[in-house]
Amino acid sequence: MLLLAKKLEQEIRDHGARDYPHECCGAMLGTDGDAGAREVRALFPLINRRDDSPRNRFSITPEDFRAAERAAAERGLDLLGWYHSHPDHPARPSEFDREHAWPWYSYVIVSVDGGVPKDLTSWQLEDDRTKFQPEVVGPERVAGQGEKD
Amino acid sequence: MAVKVLIPTPLRQFTGKQSSIECNAATVAEALGSLTGTFSELRKHLFTEDGKIRSFVNVYLNDEDIRFLDKENTRTKDGDTISIVPSIAGGSRRAGK
């Protein structure tokens, strides 16, 4: 399960709307609990470097990757995964997404229909690389809830 | 040559949670071969089925991208560090307008 505060979820939606009709992208920083729940604590918006086809592709360079890793380390957080938008396309991972993914990361996709953010989903690649599995997205942990997990 | 390979967080589940692996290798190819020989589950996440490094996987020797050196044939020396850094990519449909 991916815990994503409403405020951060809204930031992802807003980023998708702002960059429409291009795809937006960014990193998600947070904590990964052994109990299975990971919690996004901060976002690290990035620039889509794919300037030849930005409406249906995004690209994050190794330099941006390292910047996101540094940002996570400075906050004592892990780099949990990535978000991007699908302009005028469902919030489902494409074959291209699968080919360029690693397991463990959470991949959040927000569909943006005519400039309006719609569905937001999260996915994790199976260890054998054959397909993505949906990951439940929930609001942030309530104080005291699950502290003993 | 004793070199260290840094393992990115998503792939540590395939290396017994180790964040770096020491191995003896004269080239980057030998180091990656040693790594994936020991931890076979890593292989499909770094290499395509025909044995090429996946296009989104970047390999650095110290701070240099091996594409700008001698690629996988880049020679290593004692104390070198190899980093595996993904280019994160994706998208909704086939490329084009």
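This one's a predicted model, so the numbers in the text were calculated from it and none came from an experiment.

**Details of the interface of chain A and chain B**
Right, so step 1: Contacts between chain A and chain B engage 32 residues on the former and 31 residues on the latter.
Right, so step 2: Regarding the contact of chain A and chain B, the summed buried area is about 2800 Å², with carbon and sulfur atoms giving 57% of it.
Right, so step 3: If you sort the residues of chain A by the area they bury against chain B, R66, H100 and W102 of chain A come out on top, with a joint share of 26%.
Right, so step 4: Taken together, chain A and chain B are joined by 0 salt bridges.
Right, so step 5: Between chain A and chain B we count 10 residue pairs in polar contact (both at pLDDT 80 or more) in total.
Right, so step 6: Its residues placed into classes, the side of chain A that touches chain B shows 12 nonpolar, 8 polar and 12 charged.
Right, so step 7: Relative to strand β6 (residues 88-90) of chain B, strand β4 (residues 58-60) of chain A runs antiparallel, the two sharing 3 bridges. Bridge assignment links S59 of chain A to a residue of β6 of chain B, and that residue is A89 of chain B.

**A few points about the sheet that holds strand β2 (residues 20-24) of chain B**
Residues and elements named next belong to chain B.
Right, so step 1: Strand order in this open sheet of 5 strands is β2-β1-β5-β3-β4, and the pairing throughout is mixed. Two strands bound the open sheet, and with one partner strand each, they are β2 and β4 (64-65).
Right, so step 2: Pairing between strand β1 (residues 2-6) and strand β5 (residues 81-86): 3 bridges, direction parallel. Bridge assignment links L6 to a residue of β5, and that residue is S83.

**Quick word on the packing of aromatic side chains**
Residues and elements named next belong to chain A.
Right, so step 1: Counted according to the given criterion, the structure contains 6 aromatic pairs over all chains.
Right, so step 2: Summarising the aromatic geometry, the rings of Y105 and Y107 are spaced 6.1 Å apart at their centres and angled 90° between planes, so their arrangement reads as edge-to-face.
Right, so step 3: By relative accessible area, which is 6% here, Y107 ends up buried.
Right, so step 4: Ring centres 5.7 Å apart and planes at 80° place the aromatic pair Y107 and F132 in the edge-to-face group. Highlighted residues: Y107 in strand β6 (residues 106-113) and F132 in strand β8 (residues 132-135), separated in sequence by 25 residues.
Right, so step 5: A relative accessible area of 11% places F132 in the buried class.
Right, so step 6: Through a chain of ring-to-ring contacts, the aromatic side chains of F65, W82, W104, Y105, Y107 and F132 assemble into a single cluster.

**Describing the pattern of salt bridges**
All names here are of chain B.
Right, so step 1: Under the defined criterion, the tally for this structure stands at 13 salt bridges over all chains.
Right, so step 2: The salt bridge partner of E41 is K44, with a shortest N-O separation of 2.9 Å.
Right, so step 3: On the accessibility criterion, E41 (42% relative accessible area) is partly exposed.
Right, so step 4: Here D65 ties to R67 by a salt bridge, and the two come within 3.4 Å at their closest N and O atoms.
Right, so step 5: Owing to a relative accessible area of 10%, D65 belongs among the buried residues under this scheme.
Right, so step 6: Take R67: its relative accessible area is 40%, and that puts it in the partly exposed class.

**Some remarks on helix α1 (residues 6-19) of chain A**
Right, so step 1: End to end, α1 of chain A covers 20 Å across 14 residues, agreeing with the expected 20 Å (1.5 Å per residue, within 8%).
Right, so step 2: Contact partners of the buried residues in α1 of chain A: β1 (2-4), β2 (25-32), β3 (38-46), β5 (78-87), β6 and β7 (116-125) of chain A.

**Focus on the confidence of the model for chain B**
Right, so step 1: When the pLDDT values of chain B are averaged, the result is 93; 95% of them are 70 or greater.
Right, so step 2: Confidence scores differ between elements of chain B, with β6 of chain B showing the lowest mean pLDDT of 86 and helix α1 (residues 28-38) of chain B the highest of 97.

Rules and cut-offs
Residues numbered from 1 in each chain as written. Chains lettered and ligands numbered in written order. Predicted model: local features only at pLDDT ≥ 70, side-chain atom pairs only at ≥ 80, totals over all residues. Heavy atoms only, no water. Contact = heavy atoms within 4.5 Å. Buried area = accessible area lost by both parts, 1.4 Å probe. Salt bridge = Lys/Arg side-chain N within 4 Å of Asp/Glu carboxyl O. Polar contact = N/O pair within 3.5 Å; in protein donor to acceptor, adjacent residues only side chain to side chain. Nonpolar A, V, L, I, M, F, W, Y, C, P; charged D, E, K, R; others polar. Pairing = 2+ DSSP bridges. Helix = DSSP H or I, 4+ residues; strand = E, 2+ residues; numbered from the N terminus. Phe/Tyr/Trp six-rings, centres within 6.5 Å; stacked < 30°, edge-to-face > 60°. Buried < 20%, exposed > 50% of the residue type's maximum accessible area, 1.4 Å probe, protein only. Expected span 1.5 Å × (residues − 1). pLDDT = per-residue confidence, 0-100.

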